[in-house]
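Inside the fold
Okay, here's what each chain looks like letter by letter:
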There are 2 protein chains.
Amino acid sequence: MKSGGSKVVIGVDLGGTSVKAGVVAAGGSILYQNKFPTFADEGPSKVIKQIGASIRDALKNTNGAQAEGIGIGAPGVVDDDGVVKAPPNFEDWGEVPLKAKLSKAFPDLVIGVENDANAAAVAESKFGAGIHIPNFLFVIWGTGVGGGIIMNHKIYRGPTGGAGEIGHVTIDYRGRRCNCGNIGCVEAYVGQRYLSRRTAERLKSHPKSKILELVGGDPTKIEPVYISQAAQMGDKIAREILVEAGELLGVAIAAVMNIMDLRISIIGGGISAAGDFVMRAIQKSVVHRVLKPLRKDIQVLPAQLGNNAGILGAAGLVL
Amino acid sequence: MKSGGSKVVIGVDLGGTSVKAGVVAAGGSILYQNKFPTFADEGPSKVIKQIGASIRDALKNTNGAQAEGIGIGAPGVVDDDGVVKAPPNFEDWGEVPLKAKLSKAFPDLVIGVENDANAAAVAESKFGAGIHIPNFLFVIWGTGVGGGIIMNHKIYRGPTGGAGEIGHVTIDYRGRRCNCGNIGCVEAYVGQRYLSRRTAERLKSHPKSKILELVGGDPTKIEPVYISQAAQMGDKIAREILVEAGELLGVAIAAVMNIMDLRISIIGGGISAAGDFVMRAIQKSVVHRVLKPLRKDIQVLPAQLGNNAGILGAAGLVL
């Protein structure tokens, strides 16, 4: 079926392993989707080639609709000019003017480039859990802890595009050392690496946990996805670990709410999918820790778009 | 000397003890200033009368210049409609529509009402240390720890006017209980009450500190102003205490900078006047704790307007 005169945009989700491009209609439906390897360890020219290939493939699959623009969500800091800076796990990247390069390659199309967590926040704002919420903090809780702030239905980027770094809010000034060099960042308590290590420690005294079953008895294989799965299967230790982590995440969310006068947080990423009990743990912690006038209005909601948030948010940048 | 056709605004600084009104010229000079008792314990009608009296007195002293508007900085949360909510130490206040009431009393003048910390931030932005700085975090470090965020030379109020509450950013999720009910707020470590108590504890083993001299040997009389004075006189313990407090304040400032993508903080309030060593302690702590891309640009600067910040910031609301 030809869509005739209808208009679409291309949403590109750039990750360290794969780059995915989708053909997205104005209402947020994904009409077509592909997936190419990123080759992030082969340097920026190769990566840009792969991005170009995924876009060209998507443009060939618009089913007759006219593509109006290309939006890209990329890891790392993205400045106002669409320069992508130091995305983790990308070799020899430094600073790459991705927007300028794509504008050259696709001169007839509007190009938007944004940090991936910000893009996912845009996705939830335009098409997901935040569609009727003008102001909220989006948190992506997976390998690390990232975030994006939506103000008046738009992404708040800050003066240089780096806003929303909730993962590096201190929750204990004398606490654990984080990968970023700081001490006591919330990511050092609830990010993948730390959560897995802490779980392995804890399972020494709980050898019957389903978590161990899921990793074939090898505690070095523990990842949050297995903790999450075990929790869904009813494993008590797994639930305890995620409740505690949710409470700690809530401390950082409350700090952001106090500073920015926000009341609603939408939580995405792999760990958030473990179940409503995680949302409840975060909510309880946030309510305890925000200033009194905010308490009655606090809402912690699960994200709705899952793995599609990347493509949809990127598309949302130019829709 | 008559100023003839020149224009001025009235800036009003409402405090729990006194209400001060000033006649402020466009460039930020205060041409006249008064001071009336607030009578905060006699309820809102009395307080509003006192505000009216201070404004009328100022209007009589414009030296012939035409008054264009009245700006008021008030404690408590101030919403978008100029309703002042629950200012601490004001009896029976609840919520008072201060802007509406003053618009009725002074129908020919533009009225602006803002939270006092936000007003002080505006003052530093328009007339003080922040005049050339588009984006910064203003911190007022005195009895409590308050703040205001300047974005693009304007106050960032958040969705309901409550933004900038840096005093209640958690720095230790298992830490001290704060007045606000939360645990581990930075105000519970560096605010007047806690700082004074901690200092009294510490002086038990340092009986020769100049701080004790300044309070006549009575540790219950310790206030930050004396710690600050003793530090200026070279007292080692006083300096140590303020350096430690500055480092803790820096933890919360760094969290705000990470979240909002800011690099500059301007510090006002009584304790900040202790000397440059306090600014250096805060700066060092912030640099250690912000994300790497921000570090080289961090600046912690002293406020420039001192006690005049209230009147000037209020005036700045309508200038």
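**Notes on helix H1 (residues 44-59) of chain A**
All names here are of chain A. Along its 16 residues, H1 runs 22 Å from first to last C-alpha, staying within 8% of the 22 Å computed at 1.5 Å per residue. Of the positions making up H1, those classed as buried are Val47, Ile51, Ser54, Ile55 and Ala58. Seen end-on, H1 carries its buried residues on one side only, within an arc spanning 100°. Buried positions along H1 lie against strand S1 (7-14), strand S2 (18-25), strand S3 (30-33), strand S4 (36-37) and strand S5 (66-74).

**Re the interface of chain B and chain A**
Contacts between chain B and chain A engage 34 residues on the former and 34 residues on the latter. Of all the secondary structure elements, the ones that give two or more residues to the side of chain B that touches chain A are helix H8 (236-260) and helix H10 (292-295) of chain B. Per-element accounting of the side of chain B that touches chain A gives the leading share, eight residues, to H8(B).

**What to know about the nonpolar core**
Counting 214 residues, the largest nonpolar core has A:Val186, A:Ile253, A:Val256, B:Val186, B:Ile253 and B:Val256 as the members making the most contacts within it. Setting aside residues no more than four positions away along its own chain, B:Val186 makes contact with B:Val145, B:Gly167, B:Val169, B:Ile171, B:Leu248, B:Leu249, B:Val251 and B:Ala252.

**Brief notes about the sheet that holds strand S11 (residues 145-151) of chain A**
All names here are of chain A. The five strands are arranged S12-S11-S10-S13-S14 in an open sheet whose pairing can be described as mixed. Two strands lie at the open edges of the sheet, namely strand S12 (154-156) and strand S14 (299-302), each paired on one side alone. Ignoring strand direction, the axes of neighbouring strands in this sheet form an average angle of 30°. In the sheet, S11 pairs with S12 via three bridges, with the strands oriented antiparallel. For Ile150, the partnering residue across the bridge sits in S12 and is Ile155. Each of strand S10 (136-141), S11 and strand S13 (264-268) touches helix H8 (residues 236-260); the most contacted strand, S10, lies at about 155° to it. Together, S13 and S14 form the strand contacts of helix H9 (residues 276-289), whose direction differs from that of S14 by roughly 160°.

**Details of the sheet that holds strand S6 (residues 77-78) of chain A**
All names here are of chain A. Taken together, the three strands give an open sheet; going across it, the order is S6-S7-S8, and neighbouring strands pair in antiparallel fashion. Edge positions in the sheet fall to S6 and strand S8 (95-97), since each of these pairs with one other strand and no more. The pairing of S6 with strand S7 (residues 83-85) spans two bridges and is classified as antiparallel. Bridging from a neighbouring strand, Val78 pairs with Val84 of S7. The sheet contacts of helix H2 (residues 98-105) involve S7 and S8, and relative to S8 the element is tilted by about 30°.

**Observations regarding the domain arrangement of chain A**
All names here are of chain A. One can read the domain layout of chain A as domain 1 (7-125 + 308-318) and domain 2 (131-303). Distance between the C-alpha centres of domain 1 and domain 2: 27 Å. Where the side of domain 1 that touches domain 2 is concerned, the elements lending two or more residues are S6 and helix H3 (116-127). Of the residues forming the side of domain 1 that touches domain 2, the biggest block, seven residues, is contributed by H3.

**Here's the deal with helix H11 (residues 309-318) of chain A**
Burial analysis of H11(A) places ten of its ten residues in the buried class, the great majority of the element. Residues A:Ala309, A:Gly310, A:Ile311, A:Leu312, A:Gly313, A:Ala314, A:Ala315, A:Gly316, A:Leu317 and A:Val318 constitute the buried set of H11(A).

**What to know about the relation of the copies chain B and chain A**
Mapping chain B onto chain A is achieved by rotating through 180° and translating by 0.0 Å along the same axis, at an RMSD of 0.0 Å. Such a turn and shift between the copies fits a two-fold axis. Minimal C-alpha distance to the rotation axis in chain B is attained by B:Asp172, lying at 2.0 Å. Residue by residue, 100% of the interface of chain B is reproduced at the interface of chain A, so both copies engage with the same surface.

What counts and what doesn't
Residues numbered from 1 in each chain as written. Chains lettered and ligands numbered in written order. Predicted model: local features only at pLDDT ≥ 70, side-chain atom pairs only at ≥ 80, totals over all residues. Helix = DSSP H or I, 4+ residues; strand = E, 2+ residues; numbered from the N terminus. Expected span 1.5 Å × (residues − 1). Buried ≥ 20, exposed ≤ 12 C-beta atoms within 10 Å, placed from the backbone. Arc of directions from axis to C-beta. Contact = placed C-beta atoms within 7 Å. Core = buried A, V, L, I, M, F, W, Y, C linked by C-beta atoms within 7 Å. Pairing = 2+ DSSP bridges. Axes fitted to C-alpha atoms, helices over the stretch in contact; angles between N-to-C directions. Domains from an automatic or database assignment. Least-squares fit on C-alpha atoms with pLDDT ≥ 70 in both.

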